[in-house]
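Report on the structure
The primary structure of each chain is shown beneath.
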Amino acid sequence: MFNDIGALELVTIVVLAILVFGPDKLPKVIQDVTGVIRKIRAFSDSAKQDIRSELGPEFKDFEFEDLNPKTFIRKQLTENEDLAEIRSTFDLRKELNDVTDAVNSRDTAPAPAAAGTSAASAATGPDLLKKPAAPAVDQRTPYDADAT
């Protein structure tokens, strides 16, 4: 509940409590606050039990924390078997390596040696590192003034 309160904030709260309530009344105020917190927890626990009993046996695995959208989504992504199967079919590393090899013009499978050098160069595909020839200077792209 108070996970994000640091030491400086805690000291500040204690000093303010001493200044507001005084050192004589502070223990009584702390007892009253802890009593209220206990009553609130007991009330919420009994309300949760009442809701679970009213829902019936179909919802025996129901947790109120699942109503939090982050928890619900995390649970659905990790516990769904169909989703895990779909996720396992995608091997993005293999596909990324294949694309990298194609860009670097490396063969993923060895070329057949019996076909000769011309067939081996055709099997590797075009050289992707080779820059295309520059277009002629007098060639201009068509411009249509009505299209703009």
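In this convention, every chain numbers its residues from 1, walking through the sequence in written order. Local features in this predicted model are restricted to residues whose pLDDT is 70 or higher, and side-chain atom pairs enter the listing and the counts only when it is 80 or higher, whereas totals over whole chains, interfaces and linings include all residues. Side-chain figures throughout are based on the complete set of non-hydrogen atoms in the structure, without hydrogens or water.

1. Let's talk about the overall build of the protein
When helices and strands are tallied, the protein shows five helices and zero strands. Helix and strand definitions here come from DSSP, where helices need a minimum of 4 consecutive H or I residues and strands a minimum of 2 consecutive E residues; each element is numbered from the N-terminal end. Helices (α) and strands (β) of the protein occur, in sequence order from the N terminus, as α-α-α-α-α. Accessible area of the protein: about 13700 Å², with a carbon and sulfur share of 62%. In short, Shrake-Rupley with a 1.4 Å probe defines the accessible areas, and a residue's cover is counted only from the protein chains shown.

2. Overview of the confidence of the model for the protein
Along the chain, pLDDT gives the predictor's confidence residue by residue, from 0 to 100. Within the protein, residue pLDDT values average 76, and 68% of them lie at 70 or more. Confidence, expressed as mean pLDDT per element, reaches its minimum in the protein at helix 5 (residues 117–124) with 50 and its maximum at helix 1 (residues 7–55) with 91. Contacts: residue pairs with any heavy atoms within 4.5 Å of one another. Scored below 50 in pLDDT, residues 110–121 makes one contact in the model with residues more than four places away or belonging to other chains.

3. A look at the layout of surface pockets
Buriedness for pockets is judged along seven lines, at least five of which must meet protein on both sides within 12 Å for an open set on the 1 Å grid over protein atoms alone, while cavities are sets there where a 1.4 Å probe fits but cannot get out, and lining residues have an atom within 4 Å of a point. Grid points are joined across faces, edges and corners, and a volume is the space filled by probe spheres set on the points. Here the largest pocket defines a volume of roughly 430 Å³. Forming the boundary of the largest pocket are 13 residues, of which L10, I13, V14, I30 and V33 lie nearest the centre.

4. Section: a nonpolar patch on the surface
Like-charged residues are merged into a patch within 9 Å and nonpolar side chains (Val, Leu, Ile, Met, Phe, Trp, Tyr) within 5 Å, provided each residue has over 30% relative accessible area and no salt bridge. Salt bridges are counted wherever a side-chain nitrogen of Lys or Arg sits within 4 Å of a carboxyl oxygen of Asp or Glu. A surface patch of nonpolar side chains, about 590 Å² in accessible area, is lined by V11, V15, L16, L19, V20 and F21. Within the fold, L19 resides in helix 1.

5. Side note on helix 1
Here helix 1 contains 49 residues, and its C-alpha end-to-end distance of 43 Å is more than 12% below the 72 Å for a straight helix at 1.5 Å per residue. Three exposure classes are used, based on accessible area relative to the maximum for each residue type with a 1.4 Å probe and protein chains only: buried under 20%, partly exposed in between, and exposed over 50%. Listed in full, the buried residues belonging to helix 1 are A17, G22 and L26. Downstream of helix 1 by one or two residues, G56 has phi in the positive range, about 95 degrees. A helix is expected to span 1.5 Å multiplied by its residue count minus one.

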